[in-house]
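Structural features, examined
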Amino acid sequence: MIFQHAHEIITDDIFVRLDELVPGSESFLKIEGWNPAGSIKLKSAVGMIEDAERRGLLWAGGRIIESSSGSLGIALAIVAAGKGYRFTCVTDPNISPQSLALIRALGADVIQVDRRDANGGFLGTRIARIQRELAADPKLIWLNQYANPSNPDAHARSTATSILRHIGRVDQLFVGAGTTGTLMGCIRHFRAFSPTTKIVAVDTAGSVTFGHPPGPRHIPGLGTSRRPELCRPEAVDEVVLVPEADAIRMCRRLAAERGLPVGGSTGSVVAAVERSAALIPPGSRVVALSPDTADRYIHTVYDDEWVARTYGPETLSRIHGGDTCPVPA
């Protein structure tokens, strides 16, 4: 295949069977990270930028600003470089050094906030900084992934459509929840074309997206300290909370046992399938979305020293021992 620009290389038809996760059923992991951006966020980035172009908000030399803990920032930097836009990424201390370096290498500017918001995260602080930047420069365009309908639109058109086209019947679909763009786009498409599919939202313990109490979170990707405007909790059939330690354990297991290096968000989604396995009826067909890959998590999720320093030696011991970590009350 020959492409004009890197952001056009979006893979949407790769699945890996993981039937051992749900004994007696078929389980498929939809791989979304084998593109130049390394994550599912490339679809969101292309969708939001092209929507802004159609509406006359962006033209040659335009300037974009967005909040991101890593993956969308990389994706937007790739699209902006290909289309000739200036991009400023507002991020926080949870971004991995690899993601930060890559965003800068792609020509983007970076603003890194370090003050926590009212729920102990950084999202509120990042958005407040964007508001100040917009006030100082009215020509800046904030794509606002948390409220922009073109974010879920991209996944209704591509991600969800691809699942039904390639897998056919889907009894349960597990989708990670960050901005909830992927989740809401999948819900819209499945409710229209496969209404019996059970949609399970996977969130990280400490996230407030679905009304759970806030708590510390260290792995970028899933979870928020402020419910995104896109999110409609009533549209979800079930929410599974996954502690970050379980996500780490699953990441390492997939790498060691299946040769499948995945990122923290994927670890959470697959861990949620494993947690739910006993309640899934035999003969079911289960699909889980893998939004990211391992490269930008090598010095965090896959690093024993970082895990012990961040969560404590007891958590590291449980991860190595394979014990499931309890979800905080």
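Let us look at the structure shown here. (Residues numbered from 1 in each chain as written. Predicted model: local features only at pLDDT ≥ 70, side-chain atom pairs only at ≥ 80, totals over all residues. Heavy atoms only, no water.)

**Observations regarding the overall build of the protein chain**
Keep this limit in mind: The way it works is that DSSP assigns letters per residue, a run of H or I at least four long becomes a helix, a run of E at least two long becomes a strand, and they are numbered from the N terminus. In this description the radius of gyration comes from C-alpha coordinates, and the expected globular size is given by 2.2 Å times residues to the power 0.38. Each residue is assigned to one of three classes by its accessible area relative to the maximum for its type, calculated with a 1.4 Å probe on protein chains only: buried under 20%, partly exposed between the two thresholds, exposed over 50%. None of His or the chain ends enter the tally, which takes Lys and Arg as positive and Asp and Glu as negative. All charge positions are set by atom: Lys at NZ, Arg at CZ, Asp at CG, Glu at CD.
Secondary structure assignment for the protein chain yields 11 helices and 10 strands. Taking 20 Å as the expected radius of gyration for a compact globule of 329 residues, we find that the protein chain reaches 19 Å, a close match to that expectation. For the protein chain, the spread of C-alpha atoms along the three principal axes comes to 55 × 45 × 40 Å. For the protein chain, the residues scored as buried account for 59% of the 329 residues in total. Where the 35 positive side-chain charges of the protein chain centre and where its 35 negative ones centre are 4 Å apart.

**Regarding the packing of aromatic side chains**
The cut-off we apply is this: In this analysis, rings of Phe, Tyr and Trp, with Trp reduced to its six-membered ring, are considered paired at centre separations within 6.5 Å, and the interplanar angle assigns stacked below 30 degrees, edge-to-face beyond 60, and tilted for intermediate values.
Here the structure, examined in full by the defined rule, presents one aromatic pair. Taking the centre distance of 5.7 Å and the plane angle of 80 degrees together, the rings of Trp 306 and Tyr 311 count as edge-to-face.

**Quick notes on the side chain of Thr 300**
Convention followed: The contact definition used throughout considers only heavy atoms, calling two residues in contact when any of these lie within 4.5 Å.
Locating Thr 300 in the fold gives a position in the loop between strand S10 (285–290) and helix H10 (304–311). For Thr 300, a relative accessible area of 15% gives the class buried. Thr 300 has contacts with Trp 306 and Val 307, leaving out every residue within four places of it along the chain.

**Observations concerning unusual backbone geometry**
Non-glycine residue Asn 144 carries a positive phi angle of around 55 degrees. Here Asn 144 shows up in the loop between strand S6 (140–142) and helix H5 (150–157). Residue Thr 180 is not a glycine yet carries a positive backbone phi of 75 degrees. Relative to the helices and strands, Thr 180 resides in the loop between strand S7 (172–176) and helix H7 (181–193).

**Describing the environment of Glu 26**
As a reminder, the rule being used: For the purposes of these results, a polar contact is taken to be a pair of N or O atoms within 3.5 Å, where, inside protein, one atom must be able to donate a hydrogen and its partner to accept one; residues adjacent in sequence count only when each atom of the pair is a side-chain atom.
Tracing the chain through its elements places Glu 26 in strand S2 (residues 26–31). Residues Glu 26 and Val 286, spaced 260 residues apart in sequence, show a C-alpha to C-alpha distance of 6.1 Å. When near neighbours in sequence (up to four residues on either side) are disregarded, Glu 26 contacts Arg 17, Asp 19, Ser 284, Arg 285 and Val 286. In terms of polar contacts, Glu 26 uses its side chain to reach the side chain of Arg 17, at 3.1 Å. Polar side-chain contacts of Glu 26 include one of 3.1 Å to the side chain of Arg 285.

**Quick look at the sheet that holds S6**
Each strand in a sheet pairs with another by means of backbone hydrogen bonds, the pair being arranged parallel or else antiparallel. To be explicit about the condition: Note on pairing: two strands pair once DSSP finds at least 2 bridges between them. Geometry is summarised by axes, namely lines fitted to C-alpha atoms with helices restricted to the contacting stretch, and by angles between N-to-C directions that run from 0 to 180 degrees.
The four strands lie next to each other as S5-S4-S3-S6, forming an open sheet whose pairing is parallel. Each edge of the open sheet is held by one strand with a lone partner, namely strand S5 (109–112) and S6. Taking the axes of each pair of neighbouring strands and ignoring which way they run, one obtains an average angle of 25 degrees across the sheet. The pairing of strand S3 (residues 63–67) with strand S4 (residues 86–91) spans five bridges and is classified as parallel. Across the sheet, residue Ile 65 finds its bridge partner in S4, namely Thr 88. Running over the sheet, helix H4 (residues 123–136) touches S3, S4, S5 and S6 and is turned about 160 degrees from S3.

**Some points on helix H1 (residues 41–54)**
Note the cut-off: The length a helix should cover is 1.5 Å for every residue beyond the first.
Here H1 spans 20 Å end to end across 14 residues, near enough to the 20 Å set by a 1.5 Å rise per residue. Of all 14 residues making up H1, 11 are buried, and the element is well covered by its neighbours. Every buried residue of H1 is listed here: Lys 41, Leu 42, Lys 43, Ser 44, Ala 45, Val 46, Gly 47, Met 48, Ile 49, Asp 51 and Ala 52. Considering only its buried residues, H1 is in contact with S2, S3, helix H2 (71–83), H5 and helix H6 (159–167).

**Details of the nonpolar core**
Defined as follows: Here the nonpolar core consists of buried residues drawn from Ala, Val, Leu, Ile, Met, Phe, Trp, Tyr and Cys, with membership extended through side-chain atoms lying within 4.5 Å.
In terms of nonpolar packing, the biggest core is built from 35 residues, with Leu 21, Leu 29, Phe 174, Val 202, Ile 248, Leu 254 and Val 273 touching the most fellow members. Of all the secondary-structure elements, those providing two or more residues to this core are S2, strand S8 (198–204), strand S9 (238–242), helix H8 (244–258), helix H9 (264–276), S10, H10 and helix H11 (313–321). Ignoring any residue separated from it by four or fewer positions in sequence, one finds Leu 21 in contact with Ser 27, Met 250, Arg 253, Val 270, Val 273, Glu 274 and Ala 277. Of all hydrophobic cores here, the second largest spans 27 residues; its members include Ala 52, Ala 80, Leu 100 and Ile 141.

**Focus: the sheet that holds S10**
The mixed open sheet is built from six strands, whose spatial order is S1-S2-S10-S7-S8-S9. Edge positions in the sheet fall to strand S1 (15–17) and S9, since each has one partner strand and no second. Geometrically, the sheet is characterised by an average inter-axis angle of 25 degrees between neighbouring strands, direction not taken into account. Strand direction decides the pairing type here: S7 and S8, joined by five bridges, are parallel. Pairing of Gln 172 across the sheet is with Lys 198, part of S8. Along the sheet face, H9 touches S2, S7, S8, S9 and S10 and points at about 115 degrees away from the line of S9.

**Focus on a nonpolar patch on the surface**
The cut-off we apply is this: To count toward a patch, a residue needs a relative accessible area above 30% and no salt bridge. Like charges then connect within 9 Å, nonpolar side chains (Val, Leu, Ile, Met, Phe, Trp, Tyr) within 5 Å. Shrake-Rupley sampling with a 1.4 Å probe provides the accessible areas, and residues are treated as covered by the protein chains on show and by no other component. Between Lys or Arg on one side and Asp or Glu on the other, a salt bridge is scored when a side-chain nitrogen of the former is within 4 Å of a carboxyl oxygen of the latter.
A cluster of nonpolar side chains, contributed by Met 1, Phe 3 and Ile 9, occupies part of the molecular surface with about 350 Å² of accessible area. Structurally, Met 1 is set in the segment before S1.

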